[in-house]
Amino acid sequence: MPGHVARLREKAASLGCSSLLVDIEDAVPGAEKEAARRGAVELMLERPGVCQVRINPLQVARGFGMGCGREDLAAVVRPGLAGIVAPKVDTVDALRAFDAALADAERDAGLPPGRIPLCATIETALGSVNVLDIARAGLSRPVRLSFGMGDLTTDLGIEWTRDEAEGSMPRAMIALASRAAGLARPVDTVFTDAADVEGLRASAQRGKALGYGSKAAIHPGQIAVILDVYRPTQAEQTWALRVVEAAAERSERGEGAFLLDGRMIDDPIVVRARDVLSLAQQF
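Residues numbered from 1 in each chain as written. Predicted model: local features only at pLDDT ≥ 70, side-chain atom pairs only at ≥ 80, totals over all residues. Heavy atoms only, no water.

## Quick look at the packing of helix α8 (residues 168-180) against helix α9 (residues 197-210)
For clarity, the threshold we go by: In this description, a line fitted to the C-alpha atoms serves as the axis of each element, helices being fitted only across the stretch in contact, and the angle between N-to-C directions of two axes falls anywhere from 0 to 180 degrees. Segments assigned H or I by DSSP are reported as helices when at least four residues long, segments assigned E as strands when at least two residues long, and all are numbered from the N terminus. Roughly parallel refers to an angle under 35 degrees, roughly antiparallel to one over 145, roughly perpendicular to one between 65 and 115, and oblique to any angle outside these ranges. Throughout, a contact is declared for two residues whenever any of their heavy atoms are within 4.5 Å. For this classification, the nonpolar set comprises Ala, Val, Leu, Ile, Met, Phe, Trp, Tyr, Cys and Pro, the charged set comprises Asp, Glu, Lys and Arg, and every other residue, Gly included, is treated as polar.
Packing of α8 against α9 leaves a shortest axis separation of 9 Å and a crossing angle of 40°. As far as their axial angle goes, α9 and α8 are oblique. Counting all contacts with α8, which are made through Arg171, Ala172 and Ala175, the residues of α9 involved are Ser203, Arg206, Gly207 and Leu210. For the contact of α8 with α9, the per-class residue count stands at three nonpolar, two polar and two charged.

## Notes on the side chain of Ser128
Along the chain, Ser128 falls in helix α5 (residues 125-129). Apart from residues lying up to four places away in sequence, Ser128 is in contact with Ile122, Leu152, Pro170 and Met173.

## What about the side chain of Thr153?
One can find Thr153 in helix α7 (residues 149-156). Not counting residues within four places of it along the chain, the set of residues in contact with Thr153 comprises Ile158, Glu159, Trp160 and Glu166.

## A few points about α7
Threshold: Buried residues are those whose accessible area, probed at 1.4 Å on protein chains only, stays under 20% of the maximum for their type, while exposed residues exceed 50% and partly exposed ones sit between those limits.
Among all positions in α7, only Met149, Asp151, Leu152 and Thr153 are buried. Summarising the contacts, the buried residues of α7 are in contact with α5, β5 (143-147) and α8. Phi turns positive one or two residues past the end of α7, at Gly157, with a value near 70°.

## Regarding the nonpolar core
Which entries qualify depends on this criterion: Remark: nonpolar core denotes a set of buried residues (Ala, Val, Leu, Ile, Met, Phe, Trp, Tyr, Cys) joined through side-chain atoms within 4.5 Å.
Residues Val53, Val76, Val77 and Ile84 are the most contacted members of the largest nonpolar core, which totals 56 residues. For this core, the element with the highest residue contribution is helix α4 (residues 92-108), accounting for six residues. What Val76 contacts, discounting residues up to four positions off in sequence, is Ile24, Arg37, Ala40, Val41, Met44, Val53, Leu81 and Ile84. One finds Ala247, Leu260, Ile265 and Val276 within the second-largest nonpolar core, a separate group that totals eleven residues.

## Quick word on the packing of aromatic side chains
Our working definition: Note on ring pairs: Phe, Tyr and Trp rings are taken, using the six-membered ring of Trp, and paired if centres are within 6.5 Å. Classes follow the plane angle, with under 30 degrees stacked, over 60 edge-to-face and the rest tilted. Both a distance and an angle decide whether a charge sits over a ring: NZ of Lys or CZ of Arg must be within 6 Å of the ring centre and within 35 degrees of the ring normal.
The final tally for this structure, using the stated rule, is zero aromatic pairs. Lying across the ring of Phe258, Arg250 places its NZ or CZ 4.4 Å from the centre.

## Topic: helix α3 (residues 69-76)
Convention followed: Within this analysis, the arc is defined by the directions that extend from the helix axis to the C-beta atoms.
Inspection of α3 places Gly69, Asp72, Leu73 and Val76 among the buried residues, and these make up the whole buried set. In a view along the axis of α3, the buried residues occupy a sector of 100°, so they form one face of it. Buried residues along α3 sit in contact with α2 (33-46), β2 (51-54), β3 (83-86) and α4.

Encoded structure:
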């Protein structure tokens, strides 16, 4: 939610979500940046360990952003901050610059440098082609990628359509790069039509199928749909538990691959089953 709008912060705080993203960037006009910083801190104090903050770029590049990211960091980095979301990360050097600026802010706040997680948003053409290098930056702090469809289509000068076909390649590349670099599953782009429930569901299903671990919501009404898509079904959990238990029994007997309900189960399938059970515990 935009940090400068008190009623939206209050609504967000009442939802009981495990993760809230306070925006100081695109959703906040220039004259309201300071109010958004104060609002982010207020919500952070109310929900410590829950609030992430999306800051502005560190500098203006190709007409994007206001370049006041360091001022944002100075205002919001403090105990209780759950993470920083860096916008329009185009290169590995840009990510490292965000990391260094965040480390400076951590020191100024009396926090150990490298503790606050950093989410790098890939939302430009340049960021998309550099995504593997960005994912492999090797920072000492926790890093995750996210996909931003809105700024990408703006950068390309194309329409953001309901089926999102124009974003298929960069969307897939972000998930692949995250996996290749050993990062957590990325965060999928928002779906901007809050009234289009079926469009949202289809968008969430596309992201999940590509390997995303979650999806950002812009309206409380979207949360239930996103959770329904990403939460493993009872049938999936039952299958996963049967696979893990059967694999453990056969491992004790020194056996390898086996059949379960006519389907061959080998190590990759067992790993997937464990992932399903681990994900289910998050809901």
